[in-house]
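What follows is the residue order along each chain.
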Amino acid sequence: MSIIRRGDERFHYSDGSHKWIPPDPDYDQEAWDAMVRQHQLQHLEEISAGRKPRHGGRTP
């Protein structure tokens, strides 16, 4: 399960999976990759710490 917080929509598709292609074709792919990796680390830290999401909910 992924935790999707308010404001995280830009990193997720409607099924909860992560977007590895930047929303703007002119956006630097390496920079976007780094942002998505950091975003995923936030998910892992929250899950491993047993914290509840600040906003939003859980998706399958």
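Residues numbered from 1 in each chain as written. Predicted model: local features only at pLDDT ≥ 70, side-chain atom pairs only at ≥ 80, totals over all residues. Heavy atoms only, no water.

Student: Sorry if this is basic, but what is going on with the packing of aromatic side chains here?
Tutor: Each aromatic ring pair is specified by the distance between its two centres and by the angle formed by the two planes. Going through the model one piece at a time under the given rule, you end up with 2 aromatic pairs. Ring plane angle 85° and centroid distance 5.9 Å describe the contact between Tyr27 and Trp32, whose orientation is recorded as edge-to-face. Cluster of aromatic residues (ring-pair linked, three or more members): Phe11, Tyr27 and Trp32. Lying over the aromatic face of Tyr13, Lys19 brings its terminal NZ or CZ to 5.5 Å of the ring centre. (Phe/Tyr/Trp six-rings, centres within 6.5 Å; stacked < 30°, edge-to-face > 60°. Lys NZ or Arg CZ within 6 Å of the ring centre and 35° of its normal.)

Student: Which parts of the structure should I look at to understand the confidence of the model for the protein?
Tutor: A low pLDDT score tells you not to read the predicted coordinates there in detail. For the protein, the mean per-residue pLDDT works out to 83, and 78% of the residues sit at or above 70. By mean pLDDT, the top-scoring element of the protein is helix H1 (residues 29-49) (92), and the lowest-scoring one is strand S2 (residues 57-59) (51). (pLDDT = per-residue confidence, 0-100. Helix = DSSP H or I, 4+ residues; strand = E, 2+ residues; numbered from the N terminus.)

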